[in-house]
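Commentary on secondary and tertiary structure
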Amino acid sequence: MDFTQYSFAFSKEALKFGYTEQNIKRCLDYAVVLFSHDVPVIYNTSHLAQLVGYKKEYLKKATLYTNSFYRNFEIVKKNGSKRLISEPLPSLKEIQLWILKNILYKIPVSPVAKAYKPNVRIIENLKFHRNQPKVLTLDLKNFFPSIKINAIKNIFIDLGYSKFVSRLLAKLCTKEDALPQGAPTSPYLSNLIFKKADALIFDFCKQRKIRYTRYADDLCFSGDFNEEELLEKVTDIVEDMNFSINKSKTKLMLPNTRQTVIGIVVNEKPQVVFHKRNALRQAVYYIKKFGLNEHQECKGILQNNYLEHLLGKINFVLQINPKDTEFRNYKDFLIDLKKKNEWSKPVFHH
């Protein structure tokens, strides 16, 4: 439906409900901006409730008592510290996916952002940095929690949504007024928020023939450059936007050392680093030897979706090196195991 058709249909319905010409004009002036951005017209909470297929009361509760709509758990990072994951309940997740597909994906992100984009393969982040004299990687500290609700609200305001609707959408995408690690909307929103910084960093790098890409909170630079000047400039840009660089994770890699980008070697044949491949090897070995439940129990793994988690990591290895027969065999084994597990689950009849 184009705007002319929408305008005619809306005016006809609005007149039935007793809207004045002035009110109709005000609504259509609002709608035309949203049409120009190819995003859905949303007038109020009731309207959004209709679009997402949930009751207005549900949306209100999800924005007022946000914490009750998430399940929190921790995962152990490779340095031994823990990362809090806040996973939205299935109904809220469905609403967030609607926002992601119908609104957020309509807004382009920076070409240097290589993560969380539909149909973009991880190999695209790596090919820029192969066989370079220097590779510098930086990590942003507390990336998602640093992104606050007002910045999210402004994304929706810039599209033409009213302040009320923008706040409503922002509340549905945040927890405790920040981006939760675990919501499907958080990754793409982080790309949109960091778009300005990406542009400033890219301009600086372009003038100096430095290659720059960003994969989530990992910034990667390669070429022949003055690393002190680059680090100082990038630090200034990110700090201006209330982000900070995790100095303990800053890595400069020269050609005579192993150069890695997001855990993948780039100055040899692209390959996931040995210790990650080995951890997967061990996990599959123990599952084959002792069984899935025994392995999880022995290692204290409480994740419900542990099989999917392992498959995801194996798919990551295969994305980098699709011809890796060892990991293709692991994938086939885990898929078979997953099917058997699903078959063996009891079926309850009402």
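Here is what the cut-offs are and how they apply
Residues numbered from 1 in each chain as written. Predicted model: local features only at pLDDT ≥ 70, side-chain atom pairs only at ≥ 80, totals over all residues. Heavy atoms only, no water. Helix = DSSP H or I, 4+ residues; strand = E, 2+ residues; numbered from the N terminus. Contact = heavy atoms within 4.5 Å. Buried < 20%, exposed > 50% of the residue type's maximum accessible area, 1.4 Å probe, protein only. Phe/Tyr/Trp six-rings, centres within 6.5 Å; stacked < 30°, edge-to-face > 60°. pLDDT = per-residue confidence, 0-100.

Let's shift gears to the side chain of Q296. Relative to the assigned elements, Q296 resides in helix 13 (residues 292-299). Residues in contact with Q296, not counting those within four places in the same chain, are I301, Q303 and Y306.

Attention shifts here to helix 9 (residues 186-193). In terms of residue burial, helix 9 counts as a mostly covered element, since 8 of its 8 residues are buried. The set of residues buried in helix 9 consists of S186, P187, Y188, L189, S190, N191, L192 and I193. If you follow the buried residues of helix 9, they end up packed against helix 5 (90-102), helix 7 (149-159), helix 10 (195-207) and strand 4 (211-215).

As a further point, take the packing of aromatic side chains. Under the counting rule described, the total for this entry stands at 18 aromatic pairs. With a centroid separation of 5.5 Å and an interplanar angle of 45°, the aromatic rings of F143 and F243 are classed as tilted. Taken together, the residues span a long stretch of sequence, with F143 in the loop between strand 3 (134-139) and helix 7 and F243 in the loop between helix 11 (227-240) and strand 6 (251-253) at a distance of 100 residues. Summarising the burial analysis for this pair, F143 and F243 share the class buried. By way of ring pairs, the aromatic residues F3, Y6, F10, Y19, Y30, F35 and Y43 are connected into one cluster.

Confidence along the chain averages 88 in pLDDT terms, with 90% of residues attaining 70 or more. Confidence over residues 346-350 falls short of pLDDT 50; this stretch has 0 contacts with residues more than four positions distant or in other chains.

Quick look at unusual backbone geometry now. Even without being glycine, E176 reaches a positive phi, approximately 50°. Structurally, E176 is set in the loop between helix 8 (163-172) and helix 9. Residue E176 is classed as exposed on the basis of its relative accessible area of 59%. In this structure, N242 is a non-glycine residue whose phi angle is positive, near 65°. Summarising the element assignment, N242 is placed in the loop between helix 11 and strand 6.

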